[in-house]
Amino acid sequence: MTNEAKLRFEFDVDGDNFTSAGTASETVKYNLKQLGIAPDIIRRVAIVMYEGEINMVIHAKGGKAVVEIDSDEINITLKDVGPGIPDINLAMQEGWSTAPDNIRSLGFGAGMGLPNMKKYSDKMEIESVVGEGTTVRMCVKIR
């Protein structure tokens, strides 16, 4: 991230509330459109944000999303105080999920959240401590 002026948005993600899941990603998508960001970049940001929001709703009882935008990149930080991820490598495998059956019956928990977040971001880092929570940092390059 450069030292130039940045736009910053912060969102509280409400845990266990599938109705409000996606609110942050929709707001960011709208703001990026207003800034004239290319549609393919907006799509990638919306995907990684939504997947992150859903993960926070399903697994962590909510959290905080911070989005910082400058002329070169969009940085997204998702932080929760959930149970943490015991095995990040396993969690990154497509189809692996700890979502309970009631969540799967709603159409969520297919084990594609983290893999999609990695696929659609240019850079992704995960820090997780079992019993304390998880922080996911992603970057989507604008240029």
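Quick note: structure is the one above.
> Whenever I open this one, the nonpolar core confuses me. Can you help?
By size, the foremost hydrophobic cluster in this structure holds 34 residues, and its most contacted members are Val-45 and Ile-76. When residues of this core are assigned to their parent elements, the largest contribution, 9 residues, is made by helix 2 (residues 39-59). Discounting residues that sit within four places of it in the chain, Ile-76 has contacts with Val-45, Val-48, Met-49, Val-66, Val-67, Val-136, Arg-137 and Met-138.

> Would you mind showing me how to read the pattern of salt bridges here?
Any two side chains of opposite charge can pair, given that their charged atoms come close. In total, this model carries 8 salt bridges according to the counting rule given. Ionic pairing is found between Arg-8 and Glu-10, a salt bridge with its closest N-O pair at 2.9 Å. The class of Glu-10 is partly exposed, set by a relative accessible area of 44%. Its salt-bridge partner being Glu-10, residue Lys-64 comes within 3.8 Å of it at the nearest N-O pair. One end of the pair, Lys-64, is in strand 2 (residues 62-69); the other, Glu-10, is in strand 1 (residues 7-14), and 54 residues separate them in sequence. Here the salt bridges do not stand alone but share partners, grouping Arg-8, Glu-10, Asp-12, Lys-64 and Glu-68 into one network.

> Quick question: what am I supposed to make of the layout of surface pockets here?
Over the atoms, a rolling probe the size of a water molecule traces out where space has been left empty. Quantified by volume, the largest pocket comes out at close to 630 Å³. Lining of the largest pocket is provided by 33 residues; of these, Asn-55, His-59, Ile-85, Thr-98 and Leu-114 occupy positions nearest its centre. Elements with a minimum of two residues in the lining of the largest pocket: helix 2, strand 3 (73-80), helix 5 (113-120) and strand 5 (133-141). Residue contributions to the lining of the largest pocket peak at 8 residues, all from helix 2.

> What's the story with the sheet that holds strand 1 in this structure? I'm lost.
The pairing of strands in a sheet happens through backbone hydrogen bonds and is either parallel or antiparallel. Strand order in the open sheet formed by 5 strands is 1-2-3-5-4, with antiparallel pairing between adjacent strands. Across the chains shown, the open sheet's two edge strands, defined by having one partner strand only, are strand 1 and strand 4 (123-129). The mean inter-strand angle of the sheet, taken between neighbouring strand axes irrespective of direction, is 10°. The strands touched by helix 1 (residues 23-34) are strand 1, strand 2 and strand 3; relative to strand 1, the strand with the most contacts, the crossing angle is about 160°. In the packing of helix 2 onto the sheet, contacts are made with strand 1, strand 2, strand 3 and strand 5, and the angle to strand 3 comes to roughly 5°.

Scoring rules and cut-offs
- Residues numbered from 1 in each chain as written.
- Predicted model: local features only at pLDDT ≥ 70, side-chain atom pairs only at ≥ 80, totals over all residues.
- Heavy atoms only, no water.
- Core = buried A, V, L, I, M, F, W, Y, C linked by side-chain atoms within 4.5 Å.
- Buried < 20%, exposed > 50% of the residue type's maximum accessible area, 1.4 Å probe, protein only.
- Helix = DSSP H or I, 4+ residues; strand = E, 2+ residues; numbered from the N terminus.
- Contact = heavy atoms within 4.5 Å.
- Salt bridge = Lys/Arg side-chain N within 4 Å of Asp/Glu carboxyl O.
- 1 Å grid on protein atoms, 1.4 Å probe; cavity = no way out; pocket = protein on both sides within 12 Å on 5 of 7 lines; lining within 4 Å.
- Points joined across faces, edges and corners; volume = space filled by probe spheres on them.
- Pairing = 2+ DSSP bridges.
- Axes fitted to C-alpha atoms, helices over the stretch in contact; angles between N-to-C directions.

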